[in-house]
Amino acid sequence: LKGGQLLVSLRNHHKTVTCLSLSSSGQRLLSGSLDRHVKVYSTMNYKVVHSFDYAASILSLALAPDDQIIAVGMTNGVLNIKHRKPEEKKTLQSTAKRHPRYRVFVRGKDYMPKQDDIFVSKPVKAHLTKYDALLKGFHMSKALDAALQVRMKRPEVTVAVMNELKRRGTLKNALAGRDEKELSDLLIFLLKHLINPQFLPILFNVAEHIIDIYSPVVGQSSVIHKQFIRLQEVVEKEINYGEELLKILGMMDTLFATMTMKKESPWEEPKPILSLNSQ
């Protein structure tokens, strides 16, 4: 009636918003964006009440009529479908804990040891490291950030996390969306460890993805531009080394092949020839 009135302006995404969806009750608004996140807002105050993280940029999303299923389409061609567990299962789980047998497991929990008692300590539970827990929760970018924090003391851990991201097919997505400082730290790590033969296969792949993603914006920062030039020189030098090694390997293969050929000695006794004479 008023010709359209601005209710609120939301800035919770840091990339383009591609799709919106409203719940059947009208109490929740969902937005998908190219930053790989789906935000859930409350229409009462338009504050974020929940967020979903996905492996690729989001192009479309939709809710089922009963709001129990959310379907998300991504740029990598994957259709992701999430199903919300019904509330009845939670109540069943909570009541199952109060089963009479449960008292057997909690017996003696509040017992205080006396002075003459022998106290047996429990085995220490091994907790997952931060990057392992993030990988288990499918937070690829955060897992790479956590691995880069230990790159100075344990570079093999950082390379191992990169290799795991490559195995899962999410390495390029984890490398994207980084600011100037994060990209500079990543390039410094590559320049330092790219010459290590143990790390070369995976770091060479990381360098290819970085050049592919950030080459359009290299000229915007002088520091990044210099590091990209150094990275290009190191990559070209490694390629030249590889070509020289392949030449040497070919020469060695030819040499070994000639050495393994059996040569007939002139001093060997001639073998007898069997002749058949007709009678």
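Per an unreviewed UniProt entry, the protein chain carries the name U3 small nucleolar RNA-associated protein 15 homolog and comes from Xenopus laevis. Here is the UniProt Subcellular location (unreviewed entry) comment for the protein chain, exactly as written: "Nucleus, Nucleolus".

**Details of the overall build of the protein chain**
From N to C terminus, the protein chain includes nine helices and seven strands. In the protein chain, which comprises 279 residues, the share counted as buried stands at 27%. For the protein chain, contacts bridging at least 24 residues in sequence account for 45% of all contacts bridging at least 6.

**Some points on the packing of helix α5 (residues 155-168) against helix α7 (residues 180-193)**
Orientation of α5 relative to α7, taken along the N-to-C sense of each, is 110°, at an axis distance of 12 Å. When the axis of α5 is compared with that of α7, the two are roughly perpendicular. The segment α5 lies against α7, with P155, T158, V159 and M162 engaging L186, F189 and H193. Considering only residue class, the contact of α5 with α7 consists of five nonpolar, two polar and no charged.

**Some remarks on unusual backbone geometry**
Positioned with a positive phi, Y46 is a non-glycine residue whose angle comes to about 55°. Positive phi, close to 65°, is recorded for F138, a residue that is not glycine. The residue F138 is located in the loop between α3 (130-136) and α4 (140-148) in this model. Since its relative accessible area comes to 58%, F138 is described here as exposed.

**Some points on the sheet that holds strand β4 (residues 48-53)**
A sheet is described by the order of its strands in space; here four strands give the open sequence β1-β2-β3-β4, paired in antiparallel fashion. Edge strands, defined here as strands with exactly one partner in the open sheet, are β1 (17-22) and β4. The mean angle between the axes of side-by-side strands here comes to 20°, regardless of whether they run parallel or antiparallel. Note that strand β2 (residues 28-33) and strand β3 (residues 37-42) share five bridges and pair antiparallel. Each bridged residue has a counterpart across the sheet, and for L29 the counterpart in β3 is Y41.

**Things to note about the sheet that holds strand β7 (residues 79-83)**
Spatial ordering of the open sheet is given by β5-β6-β7, a layout of three strands whose pairing is antiparallel. The outermost strands of the open sheet, each flanked by one partner alone, are β5 (58-63) and β7. Ignoring strand direction, the axes of neighbouring strands in this sheet form an average angle of 15°. Inspection of the sheet shows strand β6 (residues 69-74) paired to β7 by five bridges, in the antiparallel sense. Bridging from a neighbouring strand, V72 pairs with N80 of β7.

**As for the pattern of salt bridges**
Summed over the entire model, instances satisfying the criterion amount to nine salt bridges. With a shortest N-O distance of 3.9 Å, R151 and D185 are connected by a salt bridge. On the criterion of sequence distance, the pair formed by R151 in the loop between α4 and α5 and D185 in helix α7 is long-range, its members being 34 residues apart. For R151, a relative accessible area of 21% puts it in the partly exposed group. Overall, the relative accessible area of 22% leaves D185 in the partly exposed class. Linked through salt bridges whose partners overlap, the residues forming this network are D145, R178 and E182.

What counts, and at which threshold
- Residues numbered from 1 in each chain as written.
- Predicted model: local features only at pLDDT ≥ 70, side-chain atom pairs only at ≥ 80, totals over all residues.
- Heavy atoms only, no water.
- UniProt positions renumbered as here; feature names shortened; annotations may be inferred.
- Helix = DSSP H or I, 4+ residues; strand = E, 2+ residues; numbered from the N terminus.
- Buried < 20%, exposed > 50% of the residue type's maximum accessible area, 1.4 Å probe, protein only.
- Contact = heavy atoms within 4.5 Å.
- Axes fitted to C-alpha atoms, helices over the stretch in contact; angles between N-to-C directions.
- Parallel < 35°, antiparallel > 145°, perpendicular 65-115°, else oblique.
- Nonpolar A, V, L, I, M, F, W, Y, C, P; charged D, E, K, R; others polar.
- Pairing = 2+ DSSP bridges.
- Salt bridge = Lys/Arg side-chain N within 4 Å of Asp/Glu carboxyl O.

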